[in-house]
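Residue strings, one per chain:
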Amino acid sequence: MSERFIRTRALLGDAAFQKLQNSRVAVFGLGGVGGYIAEALARSGVGALELVDPDTVDETNINRQLFALTSTVGEKKTQAALKRLKDINPDAEINVHELFYSPETADRFCLEGLDAVADAIDFFPSKLELISRSQKAGIKLVSCMGTGKKTDPSLLRVSDIYETSVCPLARKMRSELKKRGIENLTVVWSPEQPVKAREPAQAPCGQKFIPSGAIVPAVAGLYAADAIIKYLISD
């Protein structure tokens, strides 16, 4: 028997670990937050992962994204993630979907058979569509709110969406969920006020971006993965 997960088995027990191995989780978005979610789930022994992201690794991703390396610049994020996660656990079933998930494309991804979903999508309409469909399907979802322009990982927390404050994305999400009659949603969020950028938020090529450091997105991803794991092993 492989000793790859012997420490996890010792920590959680055989029954809980078996639940992880029998679980299928989808991670939407493989950026600064989603990359850490996917890797934490793989290292915890989750048996099957569905990875959804349409983007290519860019050099500007390297400061915060787990799958962004000098060697992966120009690769599809899903392919970079697939290689790394299979190197962590060759026995895991990992399926990749180079899909921009949105209200228009949502029918191309079937949520049936999933045990949990991690939402690390940046685009608000896509987040809302994924949350709504997961709720209708009865699938546990953990959604990550904004981490850009934030510098204090100690302020991150996991709670219901209706317990959030300060975060502009969470405020907008609360409003839209109320309209749809969605009464609860687990989110990772921070009450930290966004920090003002010290330099213009524009790359030499002219592309504008949201400033972000490395630590807060990573910690948010680990918090989200922890919430999903706790759900998967709960009785």
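Shown above is the structure to which this text applies.
Residues numbered from 1 in each chain as written. Predicted model: local features only at pLDDT ≥ 70, side-chain atom pairs only at ≥ 80, totals over all residues. Heavy atoms only, no water.

(A) The arrangement of the layout of surface pockets in detail. A volume near 240 Å³ is recorded for the second largest pocket. Lining the second largest pocket are 14 residues, with Ser2, Phe5, Phe17, Gln21 and Asp91 positioned closest to its centre. Here the residues of the lining of the second largest pocket are counted per class, giving five nonpolar, five polar and four charged. (1 Å grid on protein atoms, 1.4 Å probe; cavity = no way out; pocket = protein on both sides within 12 Å on 5 of 7 lines; lining within 4 Å. Points joined across faces, edges and corners; volume = space filled by probe spheres on them. Nonpolar A, V, L, I, M, F, W, Y, C, P; charged D, E, K, R; others polar.)

(B) Geometry of the sheet that holds strand E3 (residues 93-97). In spatial order, the strands read E3-E2-E1-E4-E5-E7-E6; together these seven strands make up an open sheet with mixed pairing. Looking along the sheet, the strands with just one partner apiece sit at the ends: E3 and strand E6 (157-160). Each adjacent strand pair in this sheet contributes to an overall mean axis angle of 20 degrees, direction not counted. By the bridge criterion, four bridges tie E6 to strand E7 (residues 186-189) in an arrangement that is antiparallel. In the sheet register, arginine 157 faces E7, and the bridge partner there is tryptophan 189. Most of the contacts of helix H3 (residues 34-44) go to strand E1 (residues 24-28), to which it runs at about 165 degrees, and overall it touches E1, strand E2 (48-52), strand E4 (116-119) and strand E5 (140-144). The sheet strands contacting helix H4 (residues 77-88) are E2 and E3, and the helix crosses E3 at an angle near 175 degrees. (Pairing = 2+ DSSP bridges. Helix = DSSP H or I, 4+ residues; strand = E, 2+ residues; numbered from the N terminus. Axes fitted to C-alpha atoms, helices over the stretch in contact; angles between N-to-C directions. Contact = heavy atoms within 4.5 Å.)

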